Amino acid sequence: MKDHRLNDTEKGVLVTGGTGYIGSHAVVTLIAAGYNPVIVDNLSNSKVSALERISKITKKKLPFYKIDMRDSAALDKVFQKHPIASVIHFAGLKAVGESVAEPLRYYENNIQSAISLCFVMAKRGVKKIIFSSSAAVYGDASIIPISENCFPEPTNPYARSKIIIEQILQDIHVADPAWRVILLRYFNPVGAHQSGLIGEDPQGTPNNLMPLISQVAVGRRKRINIFGDDYPTTDGTGVRDYIHVMDLAEGHIAALKQIEKTALKKSTQKPMIINLGTGRGYTVMEMLHAFEEVSGKKIPYRITKRRPGDIAACYADTTLARKLLGWKARRGLVDMCADAWRWQSRNPQGYP
Ligand code: NAD
Ligand code: UD1
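Numbering of residues starts from 1 in each chain and follows the order in which that chain's sequence is written. Numbering of ligands from 1 and lettering of chains from A proceed in the order in which they are written. Restriction of local features to residues with pLDDT of at least 70 applies here, the model being predicted, together with a cutoff of 80 or more for giving and counting side-chain atom pairs; totals for whole chains, interfaces and linings are based on all residues. The side-chain quantities take in all heavy atoms of the structure and omit both hydrogens and water.

Quick look at the site of ligand 1 now. For ligand 1, the set of nearby residues contains 29 residues, the closest of which are Asp41, Asn45, Ser46, Phe90 and Tyr158. Taking Gly20, its main chain carries an N or O atom lying 3.5 Å from an oxygen atom of ligand 1. A distance of 2.7 Å is found between an oxygen atom of ligand 1 and a side-chain nitrogen or oxygen belonging to Tyr158. The method behind every accessible area is Shrake-Rupley, applied with a 1.4 Å probe, and residues are considered shielded solely by the protein chains displayed. Notes on ligand 1: free accessible area 810 Å², of which the protein chains cover 95%. Secondary structure elements follow DSSP: runs of H or I of four or more residues count as helices, runs of E of two or more count as strands, with numbering from the N terminus. Elements with a contribution of two residues or more to the shell around ligand 1: helix H2 (21-32), helix H6 (103-124), strand S5 (128-134) and helix H7 (157-175). Residues are counted as near a molecule or strand when any one of their heavy atoms sits within 4 Å of it. What qualifies as a polar contact is a pair of N or O atoms within 3.5 Å, subject to a donor-acceptor requirement within protein and to the restriction that residues adjacent in sequence count only when both atoms come from side chains.

Written out as structure tokens, the structure reads:
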């Protein structure tokens, strides 16, 4: 994985939201690939102890700044202090339901953070950015697998904040074609680093299926509610494209390599929009049974009514990721469950 062709200046990668779930796994993967990540996070949805765990895995102490992305002056100091060649922008609020209840907080946090970041990047001449977008931007897509050509129809403020940031980054590229932008639309990230030292640690009640299943397995919750068993799927429960978070992290390395390659060329390179998923869907019941098998724990459940806003099935067309990034997910359902369980069983209450 190590790439010795990188010089010191090219190695610097600012990782915003780097103590969060996906960011922490990306940091570990970046180090393995020979990069020097610099982490910024305001710790609004993560714990500083994630850093110690990252250090334990990588045997490196990493530069970390507890900074709010909207504070562009503080951000600018980080750019002055470290050689930074590119940015992976994970920082943001991500709970769909919360975004419906508090749209202004979501728009303000997510969009203002992106704008503040881009101002500082432009000022410091850093023009390579990878942005964490979401399959949520597709809304209730009628054609599956979902390709990037599918017209975005976001159905909530969270997803709309993502599409607005995508558009802002595209406009920046129009104004200054030297920018290199990759917009990654993630499907459903699950699992954890195989060490069991870092993983998903949702604050409060989780919204997503996998953390709920693992919290039931570890005894933090009694049972899981399955939102509907009358969808037109194999067993009536919803189908999603679950992707191992380490595969997702490796997708970012592939995107970074792609950006570095195109940055060397004089010709303009339009922003790329790329799905990161496996291209395969699993039902809720399949996920639950796979987790039971791997953990040896019974997961009690009850069928309840459908969750408003849910769709029957959603999985990615992954053709473009293969073609443009030469990347595809390698880990399967057993890895996703085994790694999620290792993390959860060794850290029943999440990070200390
Ligand atoms: P996460 O909440 O674990 O990580 C996001 C991090 O950003 C947190 O550590 C939080 O403290 C930080 N943050 C939020 N606002 C900030 C601000 N104003 N300044 C500084 N730091 C701030 O979430 P995650 O699951 O790791 O997601 C990372 C990114 O990927 C997010 O942008 C999210 O929208 C996107 N995404 C996530 C999923 C998913 O299911 N996990 C799916 C699609 C897209
Ligand atoms: C949710 C978000 C979506 C986001 C994605 C990944 C909503 C409406 N959508 O989607 O915007 O991009 O997470 O972060 O919140 N399920 C249950 N019981 C539960 C929880 C979930 O049966 O307690 C089912 C759901 O109905 C769905 C599947 O499990 O069929 C996966 O749900 P979830 O993990 O919330 O992901 P998404 O619905 O894909």
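Time to look at the sheet that holds strand S9 (residues 239-240). Across the sheet, three strands lie side by side as S12-S9-S14; this open sheet has mixed pairing. Since the sheet does not close on itself, it has two edges, and those belong to strand S12 (282-283) and strand S14 (313-314), each with one partner. Paired strands, in this sense, are two strands between which DSSP finds at least two bridges. Pairing of S9 with S14, which is carried by two bridges, proceeds in the parallel orientation. By the bridge assignment, Val239 is partnered in S14 with Ala313.

Before going further, it helps to spend a moment on the pattern of salt bridges. Throughout this description, the term salt bridge denotes a Lys or Arg side-chain nitrogen within 4 Å of a carboxyl oxygen of Asp or Glu. Scanning all chains against the criterion turns up 18 salt bridges. The partner of Arg70 in a salt bridge is Glu108, and the shortest N-O contact between them spans 2.6 Å. Note that Arg70 is positioned in the loop between strand S3 (64-66) and helix H4 (72-81) and Glu108 in helix H6, a separation of 38 residues in sequence. The partner of Glu250 in a salt bridge is Arg331, and the shortest N-O contact between them spans 3.0 Å. Here Glu250 is found in helix H9 (residues 245-264), whereas its partner Arg331 is found in the loop between helix H11 (319-325) and helix H12 (333-346), with 81 residues between them in sequence. Exposure is judged per residue with a 1.4 Å probe applied to protein chains only, and the accessible area is read against the type maximum: over 50% gives exposed, under 20% gives buried, and values in between give partly exposed. Glu250 sits in the buried class, given a relative accessible area of 15%. Note on Arg331: relative accessible area 21%, which makes it partly exposed. Connected through salt bridges with shared partners, the residues Asp247, Glu250, Arg330 and Arg331 form a single ionic network.

Within a beta sheet, neighbouring strands are joined by backbone hydrogen bonds and run either parallel or antiparallel to one another. Pairing within the open sheet is parallel, and its seven strands lie in the order S3-S2-S1-S4-S5-S6-S11. The two strands at the open ends of the sheet, each matched to only one other strand, are S3 and strand S11 (272-276). Pairwise comparison of adjacent strand axes, ignoring direction, gives a mean angle of 20° for this sheet. Pairing analysis gives seven bridges linking S5 to strand S6 (residues 180-186), with the strands arranged parallel. Note that in S6 the partner of Ser134 across the bridge is Tyr186. Angles shown run from 0 to 180 degrees and are taken between the N-to-C directions of axes, each axis being a line fitted to C-alpha atoms and, for helices, limited to the stretch in contact.

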